[in-house]
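The residues making up each chain are set out below.
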Amino acid sequence: MSGAALIRVEGLSKDYVTAAGAFPALRGVDLEIREGEFVAIMGPSGSGKSTFMNLLGCLDSPTRGRYWLGDRDVAGLPNEELARVRNRHLGFVFQGFNLLQRASVVDNVALPLVYAGVPRAERQARARVLLERVGLERYADSLPSRISGGQQQRVAIARALVNRPRVVLADEPTGNLDSHTTEEVMSLFSELNREEGITLVLVTHEPDVAEYAKRVIRFHDGVVVEDRQQQLRTAQRAGAVA
Ligand code: ADP
Ligand code: MG
């Protein structure tokens, strides 16, 4: 099911400059993520998960090491180029949803297409297709404050997908959600991965959330200490054969 290497990093390292000197938050990470994978990144607080995700997301540049996204070496790109790569190839889902509260649900979903220069009619049409995909088309013209937290996160997932990214990166996407809503959001992620082959990399410290992923990578003190494939949950296997 998994295809070519989509993400490849070698010796990826990040030092933060602090008053006390350089702090090595990431210390030489080597790994490959292939198309169609669903990866959970785990590890204790401070282990470098967000630092790693910021590098994968081209939100920051490594101090040392290499990063290929597809066949492109993106580690040394200047900021404007990184922004282009981000807009064209990456989708993001954040813990706090990050929706514009004064814009309608459909306009929130369409936002990445504004930056991509897509004409308005097409933006609206594509956003509505995605809203239907996440089961929220009836709220298209509502404001985000009218819907629940779980629904807002599904809007954010639709927004992350609207530009047809090569990979969706999610840092603690269920961190603000109760357990029922967490299940709703994780079922959607797992369906998108299983049925549409969307590549997902998701940070979580909750074992229940990591169970939805097919592969778990664990960080500790800025290095990978575990990288394993895992069986899908019973419910997902049942879903896959139904
Ligand atoms: P995690 O997401 O696993 O909790 P982070 O990647 O946020 O870990 O942080 C890894 C380490 O780097 C932590 O010790 C954190 O305090 C430090 N760190 C993160 N961001 C910065 C920064 N901008 N400046 C200095 N230190 C940072
Ligand atoms: Mg973090």
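The structure we're discussing is the one just above.
Computed from a predicted structure; not experimentally measured.

Chemist: Break down the environment of Thr 174 for me, citing the residues and quoting the values.
Modeler: Topologically, Thr 174 is positioned in the loop between β7 (167-171) and α6 (179-196). A sequence separation of 162 residues divides Thr 174 from Leu 12, and the C-alpha atoms of the two residues are 27 Å apart. Each residue touching Thr 174, except ones within four places of it in the same chain, is listed here: Thr 182, Val 185, Met 186, Glu 206 and Val 209. Side-chain polar atoms of Thr 174 contact the side chain of Glu 206, separated by 3.2 Å.

Chemist: Requested: an account of the site of ligand 1, with residues and values cited.
Modeler: Lining the immediate environment of ligand 1, one finds Tyr 16, Thr 18, Phe 23, Ala 25, Pro 44, Ser 45, Gly 46, Ser 47, Gly 48, Lys 49, Ser 50 and Thr 51. Taking Ser 47, its main chain carries an N or O atom lying 3.2 Å from an oxygen atom of ligand 1. At 2.6 Å from an oxygen atom of ligand 1 is found a side-chain nitrogen or oxygen belonging to Thr 51. Protein contacts shield 60% of the accessible area of ligand 1, which totals 560 Å² for the unbound molecule. For the shell around ligand 1, the secondary-structure elements that each account for two or more residues are β1 (5-18), β2 (21-34) and α1 (49-56). Here the shell around ligand 1 gets three residues from one element, more than from any other, and that element is α1. For the shell around ligand 1, the residue count by class is four nonpolar, seven polar and one charged.

Chemist: Which residues make up the sheet that holds strand β5 (residues 72-73), and what are the values?
Modeler: The four strands are arranged β2-β1-β4-β5 in an open sheet whose pairing can be described as antiparallel. What marks the edges here is a single partner per strand, and that holds for β2 and β5. Strand direction decides the pairing type here: strand β4 (residues 64-69) and β5, joined by two bridges, are antiparallel. The partner of Leu 69 across the bridge, within β5, is Arg 72. Lying on the sheet, α1 is in contact with β1, β2 and β4; it crosses β1 at an angle near 120 degrees.

Chemist: How would you summarise the packing of aromatic side chains if you had to cite specific residues and measurements?
Modeler: All told, the structure shown has two aromatic pairs when counted by the stated rule. Plain terms: the ring middles of Phe 52 and Phe 219 are 5.1 Å apart, the flat faces sit at 45 degrees to each other, and that makes the pair tilted. Taken together, the residues span a long stretch of sequence, with Phe 52 in helix α1 and Phe 219 in strand β9 (residues 215-220) at a distance of 167 residues. Each member of the pair, Phe 52 as well as Phe 219, is classed as buried. On the numbers, 6.1 Å between centres and 10 degrees between planes, the contact of Phe 92 with Phe 94 is stacked.

Chemist: Tell me about the sheet that holds β9, and name the residues and values.
Modeler: If you walk across this open sheet you meet the six strands as β6-β7-β8-β3-β9-β10, and the pairing is mixed. Every other strand in the sheet has two partners, leaving β6 (90-94) and β10 (223-229) as the edge strands with one partner each. Going from strand to strand, the sheet's axes swing by 15 degrees on average, the running direction of each strand aside. Pairing of β9 with β10 involves six bridges; the strand directions are antiparallel. Across the sheet, residue Arg 218 finds its bridge partner in β10, namely Glu 226. Sheet contacts for helix α5 (residues 149-161): β6 and β7; angle to β6, the most-contacted strand, approximately 165 degrees.

Chemist: Please provide a residue-by-residue account of the environment of Phe 94, values included.
Modeler: Inspection of the secondary structure assignment puts Phe 94 in strand β6. Residue class for Phe 94 comes out partly exposed when judged on its relative accessible area of 31%. Distance in space between the C-alpha atoms of Phe 94 and Thr 18 is 26 Å, their sequence separation being 76 residues.

Chemist: So what about the pattern of salt bridges? Which residues, and what values?
Modeler: Applying the stated criterion to the full structure yields 19 salt bridges. Ionic pairing is found between Asp 73 and Arg 66, a salt bridge with its closest N-O pair at 2.8 Å. Residue Asp 73 is classed as partly exposed on the basis of its relative accessible area of 32%. Among the ionic contacts, a cluster of salt bridges with common partners joins Arg 133, Glu 191, Arg 194, Glu 195 and Glu 196.

Calculation criteria
Residues numbered from 1 in each chain as written. Chains lettered and ligands numbered in written order. Predicted model: local features only at pLDDT ≥ 70, side-chain atom pairs only at ≥ 80, totals over all residues. Heavy atoms only, no water. Helix = DSSP H or I, 4+ residues; strand = E, 2+ residues; numbered from the N terminus. Contact = heavy atoms within 4.5 Å. Polar contact = N/O pair within 3.5 Å; in protein donor to acceptor, adjacent residues only side chain to side chain. Near = heavy atom within 4 Å. Areas by Shrake-Rupley, 256 points an atom, 1.4 Å probe, with all protein chains shown as cover. Nonpolar A, V, L, I, M, F, W, Y, C, P; charged D, E, K, R; others polar. Pairing = 2+ DSSP bridges. Axes fitted to C-alpha atoms, helices over the stretch in contact; angles between N-to-C directions. Phe/Tyr/Trp six-rings, centres within 6.5 Å; stacked < 30°, edge-to-face > 60°. Buried < 20%, exposed > 50% of the residue type's maximum accessible area, 1.4 Å probe, protein only. Salt bridge = Lys/Arg side-chain N within 4 Å of Asp/Glu carboxyl O.

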